[in-house]
Amino acid sequence: MPSLIFRKGLDLKHAVAGMLADNYHSDLVERIKAEDFSYRAGRLTVHLAREFGFCYGVDRAVDYAYQTRQRFPDRPVYLTGEIIHNPHVNDKLASMGIRFLSVDRAANDRLGPGDVVILPAFGVTVAMLQQLERRGCTLIDTTCGSVLNVWKNVRRYAEAGFTSVIHGKVWHEETQATASHAAGSGGKFLVVLDRAETQLVCDYIAGRGDRAAFLAKFVRAASEGFDPDADLQRIGLANQTTMLMSESLELGEMIRAAMVDRYGDAALATHYQAFDTICSATQDRQDAVTALLRDKAIDLMIVIGGYNSSNTANLARICAASRTTFHIADPDCLQSRTTIRHRPVGRKDEVVTTGWLPAEGAITVGLTSGASTPDNLVGAAISRLETFCA
Ligand code: SF4
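Residues numbered from 1 in each chain as written. Predicted model: local features only at pLDDT ≥ 70, side-chain atom pairs only at ≥ 80, totals over all residues. Heavy atoms only, no water.

Would you mind going over the side chain of aspartate 115 with me for this structure?
For aspartate 115, the location among the structural elements is in the loop between helix 5 (107–110) and strand 6 (116–119). One buried charged side chain, aspartate 115, makes no salt bridge at all; its nearest oppositely charged neighbour is arginine 99, positioned 6.4 Å away. Discounting chain neighbours no more than four positions away, the residues touching aspartate 115 are Arg75, Pro76, Tyr78, Arg110, Cys137 and Thr138. (Helix = DSSP H or I, 4+ residues; strand = E, 2+ residues; numbered from the N terminus. Buried < 20%, exposed > 50% of the residue type's maximum accessible area, 1.4 Å probe, protein only. Lys, Arg positive; Asp, Glu negative; His and termini not counted. Salt bridge = Lys/Arg side-chain N within 4 Å of Asp/Glu carboxyl O. Contact = heavy atoms within 4.5 Å.)

Before we go on, may I ask you to explain the pairing of strand 13 (residues 324–328) in this structure?
It is a general feature of regular strands that their side chains alternate between the two faces of the sheet. Burial within strand 13 is extensive, with four of its five residues counted as buried. Sheet topology note: the strand 12 (residues 300–304)/strand 13 ladder contains five bridges and is parallel. Across the sheet, valine 303 pairs through a bridge with histidine 327, a residue of strand 13. For the segment spanning strand 12, helix 14 (residues 310–320) and strand 13, crossover handedness is right-handed. (Pairing = 2+ DSSP bridges. Right-handed = clockwise from strand over helix to strand, strands pointing away.)

Explain the site of the ligand to me, please; I cannot follow it from the model alone.
Near the ligand you find Cys55, Tyr56, Gly57, Val58, Cys144, Ser146, Val147, Thr241, Thr242, Cys279, Ala281 and Thr282, and these make up its full shell. Elements represented by at least two residues in the shell around the ligand include exactly helix 3 (56–71), helix 7 (145–159) and helix 13 (280–295). At three residues, helix 3 tops the list of elements feeding residues into the shell around the ligand. Here the shell around the ligand is composed, by residue class, of seven nonpolar, five polar and no charged. (Near = heavy atom within 4 Å. Nonpolar A, V, L, I, M, F, W, Y, C, P; charged D, E, K, R; others polar.)

How should the packing of helix 2 (residues 27–34) against helix 15 (residues 375–389) be read in this particular structure?
Each pair of packed helices can be summarised by the angle the axes make with each other and by the distance between the axes. Two elements in contact, helix 2 and helix 15, have axes separated by 7 Å at closest approach and are oriented at 80°. Viewed along their axes, helix 2 and helix 15 adopt a mutual orientation that is roughly perpendicular. Residues Leu28, Val29, Glu30, Ile32 and Lys33 of helix 2 form the contact with helix 15, whose participating residues are Asp375, Val378, Gly379, Ile382 and Ser383. For the contact of helix 2 with helix 15, a count of residues per class yields five nonpolar, two polar and three charged. (Axes fitted to C-alpha atoms, helices over the stretch in contact; angles between N-to-C directions. Parallel < 35°, antiparallel > 145°, perpendicular 65-115°, else oblique.)

It is not clear to me how the sheet that holds strand 12 should be interpreted in this structure. Could you clarify?
Strands pair in a sheet through their backbones, by hydrogen bonds, and they do so in one of two ways: parallel or antiparallel. Reading across the sheet, the five strands line up as 2-3-16-12-13 and stay open at both edges, with mixed pairing between neighbours. Of all strands in the sheet, those with a lone pairing partner are strand 2 (38–41) and strand 13, marking the two edges. Sheet twist, expressed as the average angle between the axes of neighbouring strands with direction ignored, equals 20°. Direction of pairing for strand 12 relative to strand 16 (residues 363–369): parallel, over a ladder of five bridges. Across the sheet, residue valine 303 finds its bridge partner in strand 16, namely threonine 368.

Honestly, unusual backbone geometry in this entry has me stumped. Any pointers?
Trans peptide bonds make up most of the peptide bonds, and negative phi angles are found at most residues other than glycine. With phi around 60°, aspartate 36 is a residue other than glycine that occupies positive phi space. Position of aspartate 36 among the secondary structure elements: in the loop between helix 2 and strand 2. Despite not being glycine, phenylalanine 37 has its phi angle at roughly 65°, a positive value. Mapping phenylalanine 37 onto the fold places it in the loop between helix 2 and strand 2.

Explain helix 7 to me, please; I cannot follow it from the model alone.
For an α-helix the count is 3.6 residues per turn, leaving residues at separations of three or four pointing the same way. Here helix 7 is 15 residues long and its end C-alpha atoms lie 21 Å apart, about the 21 Å a rise of 1.5 Å per residue gives. By the burial criterion, the buried members of helix 7 are Ser146, Val147, Val150, Trp151, Asn153, Val154, Tyr157 and Ala158. The buried residues of helix 7 occupy an angular sector of 160° when the element is viewed end-on, so they sit on one face. On the buried face of helix 7, the contacting elements are helix 3, strand 8 (163–167), helix 8 (173–184), strand 10 (235–239) and strand 11 (272–274). Of the residues trailing helix 7, glycine 161 is marked for its positive phi of about 80°. (Expected span 1.5 Å × (residues − 1). Arc of directions from axis to C-beta.)

It is not clear to me how the environment of tryptophan 356 should be interpreted in this structure. Could you clarify?
Within the secondary structure layout, tryptophan 356 lies in the loop between strand 15 (351–354) and strand 16. Sequence spacing of tryptophan 356 and aspartate 229 is 127 residues, and the spatial spacing of their C-alpha atoms is 51 Å. Residues within four places of tryptophan 356 in sequence aside, it is in contact with Leu300, Ile302, Phe326, Leu334, Ser336, Arg337, Thr338, Thr339, Ile340, Leu385 and Phe388. Reaching out from tryptophan 356, the side chain makes a polar contact with the backbone oxygen of serine 336 at a distance of 3.0 Å. From its side chain, tryptophan 356 meets the backbone oxygen of threonine 339 in a polar contact 3.4 Å long. (Polar contact = N/O pair within 3.5 Å; in protein donor to acceptor, adjacent residues only side chain to side chain.)

What exactly am I supposed to notice about the sheet that holds strand 8 here?
With parallel pairing, the four strands of this open sheet are ordered in space as 9-8-10-11. The outermost strands of the open sheet, each flanked by one partner alone, are strand 9 (189–192) and strand 11. Across the sheet, the axes of successive neighbouring strands diverge by a mean angle of 25°, strand direction being ignored.

Spatial relationships are all this shows, so hold off on functional conclusions.
Encoded structure:
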């Protein structure tokens, strides 16, 4: 029995609008936005970035998940994994009876036509989609249009014989899905995380690489049968949509320069292509926080979002370059005026810091949140700050 796939919602937008507002809206945040994104209470001043929180893709994915529950109240509803990288939102969906295939692994083998499966905003791999289709599940596809755009580009690279070099995190669902689309179209791919990994690629292009060491380094980040001697001759650059724009541009420039050195300017077009596939929501949030840091006298920055949220981590990186920055997963991390739980930039663990907020005197806090963070968490964080500064 062929799968039924819903890609444009389930015609229940109005039916779930109230629930979504109850769960994720913040009157306080709306008021602050209306007052030029600033809030003052006693010695505390908070400046919000002018773009923060839920992006269009997340908004849509969460909306579709609520519509799915409403439309299929009696059928098992699953998510392939986290719908977005925010524990608050995922917990909320779990409390509505939506189960996670990434947790309930045994359920994967039981899936059948009676089951409904929601595909997350960052998409799923070609193999997973085919498996779900074979089982005849009803699918609710919430893959963001910006992610589909990346897939279109890597498929185009594959058809033109270019290897997709993807600036991304190899463990991230979106990058895995993107890589699968390159491979699924008969192409090769290589995922690079940062400058250091891109330098290895550039060295290989220049003829300075060690084949065995290169293959060992990228064993989990390259397509099957990847041959650096053949597969680094024509490269098309793509990005995970939530990477740091400035870094992606730098990596692209490194590869472009390596190709010019190796093959000459005139032949560049036949050896290197690039499309900026960072999504506009990510870009807008990065630009807004950069402007906030530039324009306001901020004493410390708070960045709210899941620790596994790539775009949130990159907002924290931008802030930490010039200010004391605390990346917190949710408002509960603001434990008291003296202690805060947070994840320092570049680390994987959460730590507790004491003495993070001055005991007296005026304090100006800058605040932003990742694309998967609902406004109610931002509002709750501001309320806590106000209490601590009272
Ligand atoms: S961060 Fe960008 S690509 Fe990801 S869901 Fe939001 S808009 Fe779409």
